[in-house]
Amino acid sequence: MNRRDFLAKGSTVAGAGLVLAAPSILKAADGNNDKINVALIGMGKQGRVLFEAMSNIPGLHFQAVCDIWDYNLKGGAGKVRAIQGEMPNTYTDIEDLLEKEKGLDVAVVATPDFWHAPHTVACLKAGLNVYCEKMMSNTLDGARSIVRAAEESGKLCQIGHQRRSNPRYRFTLDHLINNNKVCGTIVNINGQWNRALKSSQDISYNKRLTIDQDRLTKYGFKDMHQFMNWRFYRDLSGGPISDLGAHQIDVFGWFLNCQPKSVYASGGNDYFKTREHFDNVMAIFEYDAPQGPVRAFYQVLTTTSAGGGFYESFMGTDGTVNISEMASSSAMYRESTAPEWDDLVRRGYMRKKPAPPKPAASDGVASYESAAPEEYTIPGVLNKPPHQPHLENFFASVRGEAKLNCDAKHAFESEAPIFWVNPSALKKEPIVFTPEQLQV
Amino acid sequence: MKPTKTSIVSNLILGAAAALMLGACGDKDGAEDGDNTGGSGTNDPGVGTQGGVELTTDLPKEVIEGSPKPKGIKNLAPETKKFPKFLVPEGTVNLAKGKKVTASDDYPILGEPELITDGEKETGEGYFLELIEGTQWVQIDLEKSNPIYAIVMWHFHGQKRAYHDIIVQASDDPDFKEGVTTLFNNDYDNSSKLGKGNNQPYVESRFGQLVNGKGTKARYVRLYSNGNSANEMNHYIEVEVFGKPE
């Protein structure tokens with residue numbers, strides 16, 4: 001896609017990505033190309049987030065909803081009724097759904113991580129295109145099974161690394177980092193997701209809504225607390241490095257266009273001492289990127305926001321790009337020795353922020369202070385739900401109008417190194433990756 | 001027009017050659033936090049009944065999801081940091097506890113109306129009622145007409161969001177056609193067509209929002225809302241109506 005194309009088309013196209021070739025084209029079962037029949041698999045918090053985003057996308061028919069918790073099931077069906085005017089079919093069991101529902105085109109999987117692979121594979125084998133939340137699985141083999149099922153079925157499978165469809169990220173990568181080389185040579189990366197303690201508490205639930213123990217056991221949960229807080233358990237999820245870090249470590253590899261060669265991590269249960277997963281993790285990845293070696297640091301903290309939130313910082317010889325889903329955390333800084341960016345400002349690629357006021361005169365004590373770096377911003381604010389462009393890309397691909405921005409194969413390449421962060425931290429040893437550790 | 005989901009889906013290109021397709025600001029006026037062009041009143045309930053006793057209530061713990069804050073809300077009230085000191089006549093009790101609740105939406109998306117008066121104020125799953133988009137109401141039947149001195153309401157305090165067009169009324173008429181007293185109204189642009197109000201929009205918190213009942217004698221209390229800054233739906237966790245049985 002050239003810049004003129006980019007300018008000429010709407011944000012849906014921008015969200016759809018740099019897409020020229022049409023993939024396998026799917027027609028809805030009733031022959032109406034505009035109508036895509038969707039099954040919603042999992043209507044917990046993330047399922048609702050995705051539904052909110054999908055409700056902005058025209059041409060979708062939400063045919064069926066599945067969740068093992070009646071509370072989620074009723075709520076999901078109610079949300080569908082609210083926008084569609086009719087109740088969808090409801091199911092507790094996905095196998096029941098796949099057996100009975102006819103004419104489905106798509107499944108959107110937002111179940112707990114340890115169910116992602118079984119559910120996604122079942123849907124692919126049933127002939128559905130699948131949008132599956134990240135991580136692909138809580139295990140490397142689970143993630144592999146999705147890649148294989150997608151290849152064998154010939155169906156589309158998009159994994160929910162939604163930054164890959166975010167116009168700000170795509171613009172930054174394509175036009176600022178690649179085409180205009182604002183970073184020069186990227187030499188280091190820093191990323192973080194710092195979450196405040198008040199946002200990291202156990203998820204509570206109204207005890208009157210407790211799921212029958214037989215049903216909990218059938219679906220792999222020992223009790224209701226585990227069902228509500230499955231992210232704390234090693235057999236059910238990858239913990240904070242997976243829940244939060246995977247989004248940003250995905251961006252590291254995407255922007256560098258390679259996998260890391262090693263990881264060295266440290267983590268601990270320093271605050272939440274009874275949780276199985278680390279409540280804070282720090283990891284160093286080393287890359288042999290096409291442009292040169294890069295060392296990347298990533299931290300996920302769940303007991304302090306540290307005034308920082310979440311962002312990724314690409315540091316180069318000519319400049320640094322800080323990027324985030326939050327516009328307020330996105331900025332660029334030019335190295336004083338780098339070529340001027342005035343022409344990029346004139347052409348609308350970036351805006352220059354006013355220089356900060358000079359510090360007050362010294363009180364006489366000798367001091368040394370570097371000049372504040374020039375700060376630039378990316379113009380505009382994404383004002384869609386953050387998952388919407390990625391879902392738009394998925395449904396455009398289902399219609400044959402786009403190519404997936406994060407198919408299962410590329411998602412696996414991105415996620416594989418992340419599976420080794422916790423093992424490195426547990427062993428307190430660096431892991432130099434072998435091909436077997438990173439390949440399907 | 002308040003910033004809602006439907007108002008933010010349109011997009012435009014910012015900058016002639018910005019080459020970046022991003023969205024327009026959700027608020028038609030482009031108002032930012034702290035804009036003082038909205039309602040001119042405050043949400044301060046005052047001191048309450050002179051010579052009375054301090055109103056107390058059990059407060060839920062703070063659990064906040066994520067860090068987004070409302071944008072584009074005019075005249076947003078300062079964030080609540082504590083439950084206000086407010087005096088009520090001795091013998092005042094929560095008249096709403098366990099009382100029947102009805103709602104404008106016959107098919108709530110999540111939860112049941114009874115959750116609003118069950119005494120549970122937590123923000124977790126299963127504690128709140130979710131009603132469809134648009135201006136919706138819930139109504140509590142206190143069973144008898146008694147003087148009301150305070151109303152405390154919690155919409156959904158698990159995220160820093162502001163609900164639109166919050167209107168609290170009291171009446172002895174279950175249809176709210178006659179003898180209606182409006183105790184709180186932050187619909188600064190009358191978008192819900194119930195009259196323009198001077199109270200401020202506010203960010204939900206575990207402290208709820210205390211409304212001065214002013215001793216209004218009423219059997220029914222009705223609370224309106226019209227979506228919120230995070231989505232178009234309407235939510236209620238708990239409503240307490242403090243009055244003195246006669």
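Residues numbered from 1 in each chain as written. Chains lettered and ligands numbered in written order. Predicted model: local features only at pLDDT ≥ 70, side-chain atom pairs only at ≥ 80, totals over all residues. Heavy atoms only, no water.

Moving on: the domain arrangement of chain A. All names here are of chain A. Taken domain by domain, chain A holds domain 1 (3-164) and domain 2 (165-356 + 372-380 + 408-438). Here the C-alpha centre of domain 2 lies 24 Å away from the C-alpha centre of domain 1. Taken together, the contacts link 38 residues of domain 1 with 51 residues of domain 2. Regarding the contact of domain 1 and domain 2, the summed buried area is about 4100 Å², with carbon and sulfur atoms giving 60% of it. When residues of domain 1 are sorted by the area they lose upon contact with domain 2, W69, R163 and R164 head the list and together hold 25% of the total. Summed over the shared surface of domain 1 and domain 2, the result is 5 salt bridges. The interface formed by domain 1 and domain 2 includes 22 residue pairs in polar contact (both at pLDDT 80 or more). Those elements giving two or more residues to the side of domain 1 that touches domain 2 turn out to be helix 1 (3-8), helix 2 (11-16), helix 4 (70-84), helix 6 (113-125), helix 7 (140-153) and strand 6 (157-159). (Domains from an automatic or database assignment. Contact = heavy atoms within 4.5 Å. Buried area = accessible area lost by both parts, 1.4 Å probe. Salt bridge = Lys/Arg side-chain N within 4 Å of Asp/Glu carboxyl O. Polar contact = N/O pair within 3.5 Å; in protein donor to acceptor, adjacent residues only side chain to side chain. Helix = DSSP H or I, 4+ residues; strand = E, 2+ residues; numbered from the N terminus.)

What follows concerns unusual backbone geometry. Geometrically, the link from K134 of chain A to M135 of chain A is a cis peptide bond, its omega value of -15° lying close to zero. Mapping M135 of chain A onto the fold places it in the loop between strand 5 (129-132) and helix 7. Residue D165 of chain B is not a glycine yet carries a positive backbone phi of 55°. The topology assignment puts D165 of chain B in the loop between strand 8 (136-154) and strand 9 (167-171). Its identity is not glycine, yet N190 of chain B carries a phi of approximately 55°, on the positive side. Structurally, N190 of chain B is set in the loop between strand 10 (181-185) and strand 11 (209-225). A relative accessible area of 25% means that N190 of chain B is categorised as partly exposed. (Buried < 20%, exposed > 50% of the residue type's maximum accessible area, 1.4 Å probe, protein only.)

As a further point, take the pattern of salt bridges. By the definition in use, this model includes 27 salt bridges over all chains. The partner of E130 of chain B in a salt bridge is K79 of chain A, with the nearest N and O atoms 2.9 Å apart. Of the two residues, E130 of chain B is situated in strand 7 (residues 129-131) and K79 of chain A in helix 4; the pairing between them involves two chains. Each member of the pair E130 of chain B and K79 of chain A is classed as buried. Three or more residues joined by partner-sharing salt bridges are found here, namely R334, E340, K352 and E374 of chain A.

Residue and element names in this part refer to chain B. Confidence in the prediction for chain B averages 85 pLDDT; 83% of positions are at 70 or higher. Per-residue pLDDT stays below 50 along residues 5-39; that stretch engages in 95 contacts with residues further than four places along the chain or on separate chains. Among the prediction metrics, the complex's ipTM stands at 0.75, with pTM recorded as 0.85. (pLDDT = per-residue confidence, 0-100.)

A word on the packing of helix 6 of chain A against helix 7 of chain A. Each pair of packed helices gets described by two things: the angle between the helix axes and the distance between those axes. Residue and element names in this part refer to chain A. One can describe the packing of helix 6 onto helix 7 by two numbers: an axis separation of 9 Å at closest approach and a directional angle of 5°. In terms of orientation, helix 6 lies roughly parallel with respect to helix 7. Residues H116, A117, T120, V121 and L124 of helix 6 touch helix 7, and the partners they reach there are G142, S145, I146, A149, A150 and S153. In terms of residue class, the contact of helix 6 with helix 7 is made up of 6 nonpolar, 5 polar and no charged. (Axes fitted to C-alpha atoms, helices over the stretch in contact; angles between N-to-C directions. Parallel < 35°, antiparallel > 145°, perpendicular 65-115°, else oblique. Nonpolar A, V, L, I, M, F, W, Y, C, P; charged D, E, K, R; others polar.)

This next bit is on the environment of V38 of chain A. Residues and elements named next belong to chain A. Within the fold, V38 resides in strand 1 (residues 36-41). The class for V38 is buried, based on a relative accessible area of 0%. The sequence separation of V38 and H61 amounts to 23 residues, and the corresponding C-alpha distance is 5.9 Å. Aside from chain neighbours lying at most four places away, what touches V38 is L60, H61, F62, Q63, A64, L104, V106, V108 and F395.

Right, let's talk about the sheet that holds strand 9 (residues 280-289) of chain A for a bit. Residue and element names in this part refer to chain A. Strand order in the open sheet formed by 10 strands is 14-15-13-12-11-7-10-9-8-16, with mixed pairing between adjacent strands. The outermost strands of the open sheet, each flanked by one partner alone, are strand 14 (351-352) and strand 16 (431-432). With 4 bridges joining them, strand 11 (residues 310-316) and strand 12 (residues 319-323) adopt antiparallel strand pairing. From the neighbouring strand, E312 faces strand 12, where its bridge partner is I323. Of the strands in this sheet, strand 7 (186-194), strand 11, strand 12 and strand 13 (331-334) touch helix 8 (residues 167-179), which is tilted by about 165° from strand 12. Strands in contact with helix 11 (residues 240-256) are strand 7, strand 9, strand 10 (292-301) and strand 11; relative to strand 10, the strand with the most contacts, it is inclined by about 160°. (Pairing = 2+ DSSP bridges.)

Using the criterion set out here, one finds 21 aromatic pairs over all chains in the structure. Their ring planes at 85° and their centres at 6.2 Å tell us that F184 of chain B and Y202 of chain B sit as a pair that is edge-to-face. Here F184 of chain B is found in strand 10, whereas its partner Y202 of chain B is found in the loop between strand 10 and strand 11, with 18 residues between them in sequence. Residue F184 of chain B shares its accessibility class with Y202 of chain B, and that shared class is buried. Through a chain of ring-to-ring contacts, three or more aromatic side chains come together here, namely W69, Y71, F114, W115, Y219, F221 and F227 of chain A. It is K207 of chain A that lies over the ring of Y205 of chain A; its NZ or CZ is 4.4 Å from the centre. The side chain of R222 of chain B reaches across the aromatic face of W137 of chain B, ending 3.8 Å from its centre. (Phe/Tyr/Trp six-rings, centres within 6.5 Å; stacked < 30°, edge-to-face > 60°. Lys NZ or Arg CZ within 6 Å of the ring centre and 35° of its normal.)

Once that is clear, we can look at the layout of surface pockets. All names here are of chain A. Of the pockets and cavities examined, the second largest pocket occupies roughly 790 Å³. Together, 32 residues line the second largest pocket, and L173, G253, W254, F255 and N257 are the ones closest to its centre. Counting residues per element, the ones that place at least two in the lining of the second largest pocket are helix 8, helix 11 and helix 14 (408-415). Here the lining of the second largest pocket is composed, by residue class, of 16 nonpolar, 9 polar and 7 charged. Shared between two domains, the lining of the second largest pocket takes at least three residues from each, and those domains are domain 1 (3-164) and domain 2 (165-356 + 372-380 + 408-438). (1 Å grid on protein atoms, 1.4 Å probe; cavity = no way out; pocket = protein on both sides within 12 Å on 5 of 7 lines; lining within 4 Å. Points joined across faces, edges and corners; volume = space filled by probe spheres on them.)

Attention shifts here to the pairing of strand 11 of chain A. Residue and element names in this part refer to chain A. Taken across its 7 residues, strand 11 has 6 buried, putting it largely inside the fold. Two elements, strand 7 and strand 11, share 7 bridges in a ladder whose sense is antiparallel. Note on strand 11: the bridge partner recorded for W193 is F310. Counted along the chain from strand 11 to the antiparallel partner strand 12, the turn is 2 residues long.

Moving on: the sheet that holds strand 1 of chain A. All names here are of chain A. Taken in spatial order, the 6 strands of this open sheet run 3-2-1-4-5-6, and their pairing is parallel. Looking along the sheet, the strands with just one partner apiece sit at the ends: strand 3 (89-91) and strand 6. Adjacent strand axes in the sheet meet at a mean angle of 20°, parallel and antiparallel pairs treated alike. Sheet analysis places strand 5 next to strand 6, joined by 3 bridges and oriented parallel. Residue pairing in the sheet places C132 in a bridge with I159 of strand 6. Set on the sheet, helix 4 makes contact with strand 1, strand 2 (60-66) and strand 3; between it and strand 2 the angle comes to about 165°.

Another point: the nonpolar core. Core analysis: the biggest nonpolar cluster contains 83 residues, and L97, M136 and F314 of chain A have the highest contact counts within it. With 9 residues, helix 11 of chain A is the single largest residue contributor to this core. Three or more residues apiece are contributed to this core by two domains, here domain 1 (3-164) and domain 2 (165-356 + 372-380 + 408-438) of chain A. Filtering out sequence-adjacent residues up to four positions away, L97 of chain A remains in contact with A39, I41, A64, V65, C66, Y91 and L104 of chain A. With 63 residues, the next largest nonpolar core counts L55, I140, L142 and Y149 of chain B among its residues. (Core = buried A, V, L, I, M, F, W, Y, C linked by side-chain atoms within 4.5 Å.)

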